[in-house]
Amino acid sequence: MANGQWFPRDWPERIRALADGTLIPVAPKRAATVMLLKDTDSGPVVHMLRRRASMAFAGGAYAYPGGGVDPRDDDRHVRWAGPTRAWWAERLGVDETAAQAIVCAAVRETYEEAGVLLAGPTPDSVVGDTTGADWEADRAAVVARDLSFAEFLDRRGLVLRSDLLGAWTRWITPEFEPRRYDTWFFVAALPEGQRTRNASTEADRTVWIRPSDAAASYDKGELLMMPPTIATLRGLAPHATAADALAAAPDLDLTPVLAEARLEDDEVVLSWPGHDEFTKHIPLGTAEPTGTVEAIEAIETTPGGPA
């Protein structure tokens, strides 16, 4: 059975257009996503969500909470704990205002889509349960962009805990994609007293799963994922605890991973530098990406699959 690698059916056509100069790449938008971990007796598990099948992009694929940067978080003062903005700017390869916005996006998206908030009333504390009606009203306002995340933190008198995040990797959407993102992947541990829930309108299912189990299910074609997702799962798998993964993050390479594509005879060769397992040979005129239908069916029918 094919593995669970997902890619859009129009990629061959778009890659050909990029190669012949008729497609002009769009500029990628900044984004952040968070691999939320918690420890269990059998090792750490990661929180994943499944994108609704109706989604135009990566429908049915498993991913992590994440989304675009809100420009309003660039310059508004945010109460901040942990490494300085200057430290984060150097780590992420951006300026300080961009670093604040990217870290804010990581914390905000985790709150928006999983109900987990990496912030507290003091620099060394984290809020407890965030499922009350008043919290939900504020979360909904942040989701609707009626309230910026910086304004939300200020209203609540909260300090953003940047020290609870570890920058893990950075991937940029291929140049031939119509919607492109420059995405920083972070790792974090579930704060004590908080619990996840499916708060995302884009997901129809969430699961806590061991990274090695998720990767094995991908290899068997049972779980559908995009290359950055499975690559990060493989990177998480060797770590025995969430703390171990966080401790490893500062030493990881954040050089952006950008897909490369070339035309060879009657096929498109698609590759991601440093990740040979994702190299794909796509016959021109392919009607349906290899493995997509099989993987979606497997997700729905495999007994004992993620729930």
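In the block above lies the structure referred to throughout.
Rules and cut-offs
- As a convention, each chain's residues are numbered from 1 in the sequence order in which they are written.
- Note on the predicted model: pLDDT of at least 70 is required for a residue's local features to be given, and 80 or more for side-chain atom pairs to be given and counted; whole-chain, interface and lining totals, by contrast, use all residues.
- Side-chain metrics in this entry use all non-hydrogen atoms of the structure; hydrogen atoms and water are not considered.
- A pair of aromatic rings is counted whenever rings of Phe, Tyr or Trp (Trp by its six-membered ring) have centres within 6.5 Å, and the orientation is called stacked for planes under 30 degrees apart, edge-to-face for over 60 and tilted otherwise.
- Counting from the N terminus, the helices are the DSSP runs of H or I reaching at least four residues and the strands are the DSSP runs of E reaching at least two.
- Working definition: with a 1.4 Å probe on protein chains only, accessible area under 20% of the residue-type maximum means buried, over 50% means exposed, and in between means partly exposed.
- Any Lys NZ or Arg CZ that is within 6 Å of a ring centre and within 35 degrees of that ring's normal is treated as a charge sitting over the ring.
- Fitting a line to C-alpha atoms yields each axis, with helices limited to the stretch in contact; the angle taken between N-to-C directions then spans 0 to 180 degrees.
- Orientation is classified from the angle alone, with under 35 degrees giving roughly parallel, over 145 giving roughly antiparallel, 65 to 115 giving roughly perpendicular, and any other angle giving oblique.
- Each crossing is labelled by how the near helix is turned from the far one, with a counterclockwise turn of less than a right angle marking it left-handed and a clockwise turn marking it right-handed.
- Should any heavy atoms of two residues lie within 4.5 Å, those residues are counted as being in contact.
- The criterion for strand pairing is that DSSP finds at least two bridges linking the strands in question.
- As used in this record, nonpolar core signifies buried Ala, Val, Leu, Ile, Met, Phe, Trp, Tyr and Cys residues forming a set joined through side-chain atoms within 4.5 Å.
- Residues adjacent in sequence count toward polar contacts only when both atoms are side-chain atoms; beyond that, a polar contact is any pair of N or O atoms within 3.5 Å, and within protein one must be able to donate a hydrogen and the other to accept it.

Undergrad: Can you break down the packing of aromatic side chains residue by residue, with the values?
TA: Taken as a whole, this structure holds nine aromatic pairs when the rule is applied. A ring pair is formed by Y64 and F185, whose centres lie 6.5 Å apart and whose planes are at 85 degrees; its orientation type is edge-to-face. Placement of the pair is Y64 in the loop between strand 3 (62–63) and strand 4 (66–68) and F185 in strand 9 (residues 181–189), with a sequence separation of 121 residues. Take F185: its relative accessible area is 7%, and that puts it in the buried class. Pairing Y111 with F152 gives two aromatic rings, centres 5.3 Å apart and planes at 20 degrees, and the pair type is stacked. Of this pair, Y111 sits in helix 3 (residues 96–114) while F152 sits in helix 5 (residues 149–156), and the two are 41 residues apart along the sequence. We note that Y111, like F152, is buried. Here the aromatic residues Y111, W135, F149 and F152 are joined through ring pairs into a cluster of three or more. A cation over an aromatic ring shows up here: R156 above the ring of W135, its NZ or CZ 3.8 Å from the ring centre.

Undergrad: Run through the packing of helix 3 against helix 4 (residues 133–143), naming residues and quoting values.
TA: When two helices pack together, you describe them by how their axes are tilted relative to each other and by the distance separating the axes. Relative orientation of the contacting elements helix 3 and helix 4 amounts to 120 degrees, with a least axis distance of 10 Å. Comparing the axis directions of helix 3 and helix 4 gives the class oblique. Here the hand of the crossing between helix 3 and helix 4 comes out left-handed. Between helix 3 and helix 4, the residues in contact are R108, Y111 and E112 and W135, R139, V142 and V143, respectively.

Undergrad: Describe the sheet that holds strand 13 (residues 267–272), listing the residues and the values that go with them.
TA: Taken in spatial order, the three strands line up as 12-13-14 in an open sheet, and their pairing is antiparallel. Looking at which strands have only one partner, the edges of the open sheet turn out to be strand 12 (260–264) and strand 14 (275–283). Neighbour-to-neighbour, the strand axes of the sheet open up by a mean angle of 20 degrees, direction not taken into account. Bridge analysis of strand 13 against strand 14 gives five bridges, and the strand direction is antiparallel. Paired with V268 across the two strands is I282, which belongs to strand 14. The strands that helix 7 (residues 227–236) touches are strand 13 and strand 14; relative to strand 14, the one it contacts most, it runs at about 155 degrees.

Undergrad: Before we move on, could you go through the nonpolar core and cite the residues and values that matter?
TA: Of all hydrophobic cores here, the largest spans 41 residues; its most connected members are L92, L117, L165 and F186. Contributions of two or more residues to this core are made by strand 1 (29–38), helix 2 (85–92), helix 3, helix 4, helix 5, strand 8 (165–172) and strand 9. F186 has contacts with A32, T33, V34, M35, W88, L92, I102, A106, L165, G166, A167 and W168, leaving out every residue within four places of it along the chain. By size, the runner-up hydrophobic cluster in this structure holds 36 residues, among which are I15, A17, L23 and W168.

Undergrad: Kindly report on the environment of E277, identifying the contributing residues and their values.
TA: Secondary-structure assignment places E277 in strand 14. Among the residues examined, E277 registers a relative accessible area of 36% and is labelled partly exposed. Along the sequence, E277 and A231 sit 46 residues apart, while their C-alpha atoms lie 9.3 Å from each other. At 2.7 Å, the side chain of E277 forms a polar contact with the side chain of R234.

Undergrad: I'd love a proper account of the environment of D70, names of residues and values included.
TA: Here D70 shows up in the loop between strand 4 and strand 5 (80–81). The spatial distance from the C-alpha of D70 to the C-alpha of A150 is 9.9 Å, given a sequence separation of 80 residues. Leave out the neighbours within four places in its chain, and D70 touches A101, R108, R145 and S148. Within the structure, the side chain of D70 is placed 2.9 Å from the side chain of R72, a separation counted as a polar contact.

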